[in-house]
Amino acid sequence: MNRADLKAMAQREQDRQKSFRCRLLCCASTPCLSSGATAVQQALEEAVAAHKVDAEVAIVSTGCMGPCSRGPMVTVQMQGQDDVHYENVTPDIARRIVEEHAIGNQPVNEKIMPSDLPFFAKQTKVVLTNSGVIDPERLEDYVAREGYSALAYVLREMKPDEVCAEISKSGLRGRGGAGYPAGLKWDLVRKAPGEKKYVIANGDEGDPGAYMDRTLMESDPHRVLEGVAIAGYAVGADQGYVYVRGEYPVAAKRLEKAIRAAERRGLLGSRVLDSSFSFRIDIRIGAGAFVCGEETALMQSVMGRRGQPVPRPPFPAQSGLWGYPTLINNVETFGSIVPIIENGAEWYAGGGTEKSRGTKIFALAGKVNTTGLIEVPMGITLREIVYDIGGGIPGDRQFKAAQTGGPSGGCIPAEHLDTPMDYEHLKALGSIMGSGGLIVMDDASCMPDVAKFFMDFCADESCGKCVPCRVGTVQMLRILQRITNGSATPEDLDTLQELCIMVRETSLCGLGQSAPNPILSTLRYFREEYEEHVNQHKCSAGVCQFTEVPVMELIEELPRRIQASKAASGPVETALKRPPDKAQRSSPAPKIKASKG
Ligand SMILES: Cc1cc2nc3c(=O)[nH]c(=O)nc-3n(C[C@H](O)[C@H](O)[C@H](O)COP(=O)(O)O)c2cc1C
Ligand code: SF4
């Protein structure tokens, strides 16, 4: 296939799509699939077949439309009319959508998502332009929306160093967490000596609450592949890998299908688009270890070795896969390449803030009315995300904090709701942008408990290679367990803080180095909650159950409890537990604290 063939294919597909009077877009990404989208699509198909309108009504199985908590989602596109979005669609509603809306031109009002929902109003789709609009399993759908023309343009019009310069000029920073300038990294790999070079798209995405990369791979796999191929051309590689975690079977399947379709049409493989550039892409499936998202561990995994980090330098750009220069970028970073080439670096750099250009995808989760996947300009405030896009906190509760960056990040409290979301501001607040997980917490959340959740995750995911992380995370977890069960001493708080610094400064890789972040940031903003737990054995949020009884209180109460236990013929051990009423949020402070006993 050459450039002319590509254009012809785009035209044919556009004509085909226009031939339908109505198109029913049915979201088939993981969140909607898990809430019943398969049955909804089947009902749509059966109704279209039953009414024999398949020549005029098309059903398109798409990727994510965004407001995941409102799924299954269906969008009706009628020629000459605005799109209508349906939420929480059931098979019954699906049949009615076909009969009443697609055929009868009367929308099914009770399930229409309000068109003025602020969820969409403040978003800017740059990377997710095709998500929820095209069928990710049809190459033609992608090509009809100018897919692969950026690659064709680059191969014909640009030299590799010009591509790197264009990416540098756009100001794009890596979306995997650290925000390293993408163009600079590309140029380092391009200039690195090596008879062979590799490109890797990092789609491991192990942080709890994050699903940006999964969605992009599921919803628009060709967009990722095209970005990887452009990078391959720019750095001089002939082999790329997309590393997908094992828990993402839908993404892996769609990527695999996309690779095969692109190869069949000469868009990947040898002599891409009739040029002298040859590039293969293969998928590598990870086994689901968080540390395998770290670039050196990931490369070990790709090479079939145990996925553990190795010290840097050398950096992957000099010595990566099998000792060859390797470019590794996040999936969303690669997803940003096509719009930069299509619209130019200046256009891209015009969005966002001075040091954080463009847009960022966030997985908005937790205590907000509408959770889902959003793409916003860098610099938007947290308040706009939570209250405008997310629709505020459910049940009239108060916003307490938002965790960005998952287990490597930190929390942003209510007093910083007007902070612009960019790399610099989040760092100044003691958090990080991370890859885009954004978990909103309301006033029913207990911050020591939140820190415990993330430390539990890190201790579990520590690969054990270096002592500070292997031992330090477990010790920090134990202290947090004591804090949240009422048996911690004030000295524990000092030890916890010391351990945080030690683990951060001495761990081998980013997992250990950043594991203390959730503790440090909750201590910074919510220290009084830690002190309340330690000194008063009280959890104002009502989350922690203080099952361990402070020693002096136990000594005072023990005779009475043993007596009561015998009277109830219960085991003596039950006497050692705090009675349920005392474990509740209103539990009074004990008269004598354990630490002073
Ligand atoms: C524990 C750990 C997990 C990581 N997980 C991911 C991940 O899932 N996806 C990702 O792109 N980067 C992850 N990173 C960052 C990568 O090491 C690397 O910096 C990134 O893939 C580079 O791409 P970028 O420059 O486009 O951000 C992780 C880092 C650490 C320390
Ligand atoms: S910091 Fe933790 S995850 Fe990283 S190498 Fe050390 S033990 Fe492994």
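Rules and cut-offs
Counting restarts for each chain: residues are numbered from 1 in the order of the written sequence. The order in which chains are written sets their letters, starting at A; the order in which ligands are written sets their numbers, starting at 1. Thresholds applied to this predicted model are a pLDDT of at least 70 for local features of residues and 80 or more for the giving and counting of side-chain atom pairs; totals over whole chains, interfaces and linings are not thresholded and use all residues. For the side-chain quantities, the full set of heavy atoms in the structure was used; hydrogens and water were omitted. Helix numbers and strand numbers start at the N terminus; a helix is a DSSP run of H or I with at least 4 residues, a strand a run of E with at least 2. To get the radius of gyration, use the C-alpha atoms; to get the globule rule, take the number of residues to the power 0.38 and multiply by 2.2 Å. With a 1.4 Å probe rolled over the protein chains alone, any residue whose accessible area is under 20% of its type maximum counts as buried; one over 50% counts as exposed, and the rest are partly exposed. Areas reported as accessible are Shrake-Rupley estimates using a 1.4 Å probe. Residue values count occlusion only from the protein chains shown. Strands are treated as partners if at least two bridges between them are detected by DSSP. A fitted line through C-alpha atoms represents every axis, and for helices the fit uses only the stretch in contact; the resulting angles, taken between N-to-C directions, go from 0 to 180 degrees. Note that the term roughly parallel is reserved for angles under 35 degrees, roughly antiparallel for angles over 145, roughly perpendicular for angles of 65 to 115, and oblique for everything else. Should the near helix be turned counterclockwise from the far one by less than a right angle, the crossing is left-handed, whereas a clockwise turn marks it as right-handed. It only takes one pair of heavy atoms within 4.5 Å for two residues to be counted as in contact. Three classes are used: nonpolar for Ala, Val, Leu, Ile, Met, Phe, Trp, Tyr, Cys and Pro, charged for Asp, Glu, Lys and Arg, and polar for all others, with Gly counted as polar. Only centres within 6.5 Å qualify two rings of Phe, Tyr or Trp (six-membered ring in Trp) as a pair; their planes then separate them into stacked at under 30 degrees, edge-to-face at over 60, and tilted for everything else. Geometrically, a lysine NZ or arginine CZ counts as sitting over a ring once it is within 6 Å of the ring centre and also within 35 degrees of the ring normal. Near, as used in this document, describes a residue that has one of its heavy atoms within 4 Å of the molecule or strand being considered. A pocket, in this scheme, is an open set of points on a 1 Å grid over the protein atoms alone with protein on both sides within 12 Å along at least 5 of 7 lines, while a cavity is a set where a 1.4 Å probe fits but cannot get out; residues line either one if an atom lies within 4 Å of a point. Just a note on the criterion: a molecule sits in a pocket or cavity if more than half of its atoms are within 2 Å of the grid points. Note: pLDDT gives the predictor's confidence per residue, expressed from 0 to 100. Whenever a nitrogen or oxygen atom comes within 3.5 Å of another N or O atom, the pair is scored as a polar contact, on the condition that within protein one atom can donate a hydrogen and the other can accept it, and that pairs from neighbouring residues in sequence are kept only if both atoms are in side chains.

A. Representation of the overall build of the protein chain within the structure. Secondary structure assignment for the protein chain yields 24 helices and 13 strands. For a compact globule of 597 residues, the expected C-alpha radius of gyration is about 25 Å, and the protein chain comes in at 27 Å, within 12% of that figure. Dimensions of the protein chain along its principal axes, counting C-alpha atoms only, are 90 × 65 × 45 Å. A burial count over the protein chain gives 57% of its 597 residues as buried. Summed over all atoms, the accessible surface of the protein chain reaches about 24000 Å², with 51% contributed by carbon and sulfur.

B. Molecular detail of the pairing of strand β11 (residues 399-404). Where burial is concerned, most of β11 is hidden: six out of the six residues are buried. Here β11 pairs with strand β13 (residues 437-442) via five bridges, running antiparallel. Residue pairing for β13: Phe-399 is matched across the bridge by Asp-442. Inspection of the sheet shows β11 paired to strand β12 (residues 410-413) by four bridges, in the antiparallel sense. Within β12, the position partnered with Thr-404 by the bridge is Gly-410. Taking the residues between adjacent antiparallel strands as the criterion, β11 and β12 are bridged by five residues, where Gly-405 takes a positive phi near 80°.

C. The arrangement of the packing of helix α8 (residues 160-170) against helix α11 (residues 221-235) in detail. Direction vectors running N to C along α8 and α11 enclose 120°, while the axes themselves pass 7 Å from each other. The angle between α8 and α11 falls in the class oblique. In the packing of α8 onto α11, the handedness of the crossing is left-handed. Contacts from Pro-160, Val-163 and Cys-164 in α8 reach Ile-230, Tyr-233 and Ala-234 in α11. Residue composition of the contact of α8 with α11, by class: six nonpolar, no polar and no charged.

D. Highlighting helix α13 (residues 295-302). Judged by how many residues are buried, α13 sits mostly within the fold: eight of eight residues are covered. Of the positions making up α13, those classed as buried are Glu-295, Thr-296, Ala-297, Leu-298, Met-299, Gln-300, Ser-301 and Val-302. If you follow the buried residues of α13, they end up packed against α9 (182-191), β5 (198-203), β6 (239-245), β7 (280-286) and β8 (326-330). Downstream of α13 by one or two residues, Gly-304 has phi in the positive range, about 85°.

E. Broad picture of the packing of aromatic side chains. Inspection of the entire model under this criterion finds 10 aromatic pairs. Through pairs of rings, three or more aromatic residues link up here, namely Tyr-198, Tyr-241, Trp-322 and Tyr-324. Over the aromatic face of Tyr-423 sits the side chain of Arg-173, whose NZ or CZ is 4.2 Å from the ring centroid.

F. Looking closely at the site of ligand 2. Not every one of the 13 residues close to ligand 2 is listed here, only the nearest: Cys-463, Lys-465, Cys-466, Cys-469 and Cys-509. More than half of the atoms belonging to ligand 2 lie within 2 Å of the grid points that define the largest cavity. Looking at the shell around ligand 2, its residues break down into eight nonpolar, four polar and one charged.

G. Up close: the confidence of the model for the protein chain. Put simply, the protein chain has an average pLDDT of 92, and 92% of its residues get 70 or more. Predicted confidence is poor over residues 570-597, with pLDDT under 50, and the contacts of this stretch with residues over four places away or in other chains come to 53 contacts.

H. Expanded view of the site of ligand 1. Near ligand 1 lie 19 residues; those nearest to it are Gly-176, Glu-205, Asn-329, Asn-330 and Thr-333. In this structure, Glu-205 approaches ligand 1 through a main-chain N or O atom, which is 2.7 Å from an oxygen atom. Here an oxygen atom of ligand 1 sits 2.9 Å away from a polar atom, N or O, in the side chain of Asn-329. About the coverage of ligand 1: the protein hides 89% of its 610 Å² of free accessible area. Put simply, the parts of the chain that give the shell around ligand 1 at least two residues each are β8 and α22 (510-514). The element best represented in the shell around ligand 1 is β8, accounting for three residues. Residue composition of the shell around ligand 1, by class: three nonpolar, 10 polar and six charged.

I. Structural context of the sheet that holds strand β10 (residues 372-377). Pairing is mixed across the open sheet formed by five strands, whose spatial order is β10-β9-β13-β11-β12. The strands lining the two open edges of the sheet, one partner per strand, are β10 and β12. Here the average twist between neighbouring strands, direction ignored, is 30°.

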